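A closer look at the structure
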2 protein chains.
Amino acid sequence: MPFDPASLRFDDRGLIPAIAQDHDNGEVLMMAWMNAQSLAKTLETGRVTYWSRSRNALWAKGETSGNVQDLVELRIDCDRDCLLLRVRQTGPACHTNRRSCFYTALRDGDETEIMQPEPGSST
Amino acid sequence: MPFDPASLRFDDRGLIPAIAQDHDNGEVLMMAWMNAQSLAKTLETGRVTYWSRSRNALWAKGETSGNVQDLVELRIDCDRDCLLLRVRQTGPACHTNRRSCFYTALRDGDETEIMQPEPGSST
């Protein structure tokens with residue numbers, strides 16, 4: 001069945017959540033949002049572009065930092081209201097220079113940092 | 001640092017997206033939503049409870065099907081507006097009886113089912 005982006009269930013702001021997962025090791029890197037335009041750009045270029053809710057603008061991931069995400073495969077969930085992006089991540093995904101944005105774990109009721117910023121990488 | 005759920009950034013509906021990931025193999029199983037109450041119940045019981053936006057009620061995952069999610073570790077992203085639930089999933093996570101809700105992949109412009117429903121499991 002040909003993929004029709006209009007068949008996705010964008011929310012009332014025209015957005016859909018997109019989870020980026022490292023294609024090679026399965027690590028969940030980040031969650032951000034897409035609109036129809038950013039999804040189209042992602043599919044057209046093979047590089048992930050999100051929609052920045054704070055800037056209200058397209059957000060070509062890694063455009064300034066070089067920490068780009070190359071799309072390996074797009075997956076859609078059963079409700080068609082969430083996307084899973086299987087990516088190859090260059091450098092850290094997180095703006096804190098950590099590999100993943102999910103670097104804080106709850107252990108015994110305490111927040112614990114389980115990842116350190118990568119040395120030598122720029123934000 | 002002790003975890004304070006009030007420090008999370010719930011959206012204007014009081015919700016936060018929660019990604020469930022298989023702790024053993026890294027597979028992303030589903031994405032759903034939590035509010036403060038469902039998160040508290042999840043942490044208290046060790047079993048994942050979401051918030052159903054359609055039913056506007058707590059949704060104890062697997063309560064009727066038996067396909068429960070046992071929480072191994074909760075992780076929080078850098079912006080504190082998304083949760084990653086590392087879980088042990090009993091049976092399929094998806095209501096279609098597939099292991100993951102992300103069973104549709106986009107390949108060469110076509111939607112392709114990459115997972116089959118598990119035999120013998122109930123919804």
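Preceding block: the structure.
The following paragraphs examine the structure supplied in this document.

What follows is about helix 1 (residues 36-45) of chain B. Residue pairs spaced three or four apart in an α-helix point in one direction, given the helix's 3.6 residues per turn. All names here are of chain B. All of the buried residues along helix 1 are S38, L39 and T42. Along the axis of helix 1, the buried residues cluster in a sector spanning 100°; they form a single face. Here the buried face of helix 1 lies against strand 2 (28-34), strand 3 (49-52), strand 4 (57-60), strand 5 (69-76) and strand 6 (83-89). Between the side-chain oxygen at the start of helix 1 and the backbone nitrogen of Q37 there is a gap of 3.2 Å, and the oxygen is on N35. A positive phi of about 80° marks G46, the residue just after helix 1.

Turning next to the side chain of Q89 of chain B. Residues and elements named next belong to chain B. With respect to the helices, strands and loops of the structure, Q89 is situated in strand 6. On the basis of relative accessible area, Q89 is assigned to the buried category, the value being 10%. Of note is the side chain of Q89, whose polar atom sits 3.3 Å from the backbone oxygen of N67. Polar contacts involving the side chain of Q89 include one to the main-chain carbonyl oxygen of P92, which spans 3.3 Å.

Okay, the pairing of strand 3 of chain B next. Residue and element names in this part refer to chain B. Across the two faces of strand 3 the burial is the same, with T49 and W51 and Y50 and S52 all buried. Examined bridge by bridge, strand 3 and strand 4 share 4 bridges and lie antiparallel to one another. Note on strand 4: the bridge partner recorded for T49 is A60. Hairpin remark: strand 3 followed by strand 4, antiparallel, with 4 residues in the connecting loop; positive phi at N56, about 55°.

Attention now goes to the sheet that holds strand 7 (residues 104-107) of chain A. If you trace the 6 strands from one edge of the open sheet to the other, you get 8(A)-7(A)-5(B)-6(B)-1(B)-2(B), paired in mixed fashion. Both edges of this open sheet fall to strand 8 (110-113) of chain A together with strand 2 of chain B, since each of them pairs with a single strand only. Across the sheet, the mean angle separating the axes of adjacent strands is 35° when strand polarity is ignored. Across 4 bridges, the pairing between strand 7 of chain A and strand 8 of chain A is antiparallel. Of the residues in strand 8 of chain A, the one forming a bridge with L106 of chain A is E111 of chain A. Helix 1 of chain B contacts strand 7 of chain A together with strand 2, strand 5 and strand 6 of chain B of the sheet and is inclined by roughly 120° relative to strand 5 of chain B.

Looking now at the interface of chain A and chain B. Facing 41 residues of chain A, the contacting portion of chain B comprises 41 residues. When chain A packs against chain B, close to 3,100 Å² is buried across both sides, 61% of that on carbon and sulfur atoms. Considering only the side of chain A, the residues that lose the most area to chain B are F102, L106 and E111 of chain A, jointly responsible for 22% of the buried surface there. Between chain A and chain B we count 6 salt bridges in total. Where D81 of chain A meets R53 of chain B, a salt bridge forms, and the shortest distance between an N and an O atom there is 3.4 Å. On the surface where chain A and chain B come into contact, there are 18 residue pairs in polar contact (both at pLDDT 80 or more). Of all the elements in the fold, those that place two or more residues in the side of chain A that touches chain B are strand 1 (16-22), strand 2 (28-34), strand 5 (69-76), strand 6 (83-89), strand 7 and strand 8 of chain A. Of the residues belonging to the side of chain A that touches chain B, the class tally is 22 nonpolar, 7 polar and 12 charged.

Right, let's talk about the side chain of D77 of chain A for a bit. Relative to the helices and strands, D77 of chain A resides in the loop between strand 5 and strand 6. Although buried, D77 of chain A forms no salt bridge, and the nearest oppositely charged side chain, R9 of chain A, lies 7.2 Å from it. Among the polar contacts made by the side chain of D77 of chain A, one reaches the main-chain amide nitrogen of D81 of chain A at a distance of 3.1 Å. With near-sequence residues (within four places) excluded, D77 of chain A lies in contact with C82 of chain A together with C101 and F102 of chain B.

This paragraph deals with the environment of M31 of chain A. With respect to the helices, strands and loops of the structure, M31 of chain A is situated in strand 2. The spatial distance from the C-alpha of M31 of chain A to the C-alpha of A18 of chain A is 5.6 Å, given a sequence separation of 13 residues. If sequence neighbours within four positions are ignored, M31 of chain A has contacts with P17, A18, I19 and F102 of chain A together with P17, I19 and C82 of chain B.

Rules behind the numbers
- Residues numbered from 1 in each chain as written.
- Chains lettered and ligands numbered in written order.
- Predicted model: local features only at pLDDT ≥ 70, side-chain atom pairs only at ≥ 80, totals over all residues.
- Heavy atoms only, no water.
- Buried < 20%, exposed > 50% of the residue type's maximum accessible area, 1.4 Å probe, protein only.
- Helix = DSSP H or I, 4+ residues; strand = E, 2+ residues; numbered from the N terminus.
- Arc of directions from axis to C-beta.
- Contact = heavy atoms within 4.5 Å.
- Polar contact = N/O pair within 3.5 Å; in protein donor to acceptor, adjacent residues only side chain to side chain.
- Pairing = 2+ DSSP bridges.
- Axes fitted to C-alpha atoms, helices over the stretch in contact; angles between N-to-C directions.
- Buried area = accessible area lost by both parts, 1.4 Å probe.
- Salt bridge = Lys/Arg side-chain N within 4 Å of Asp/Glu carboxyl O.
- Nonpolar A, V, L, I, M, F, W, Y, C, P; charged D, E, K, R; others polar.
- Lys, Arg positive; Asp, Glu negative; His and termini not counted.

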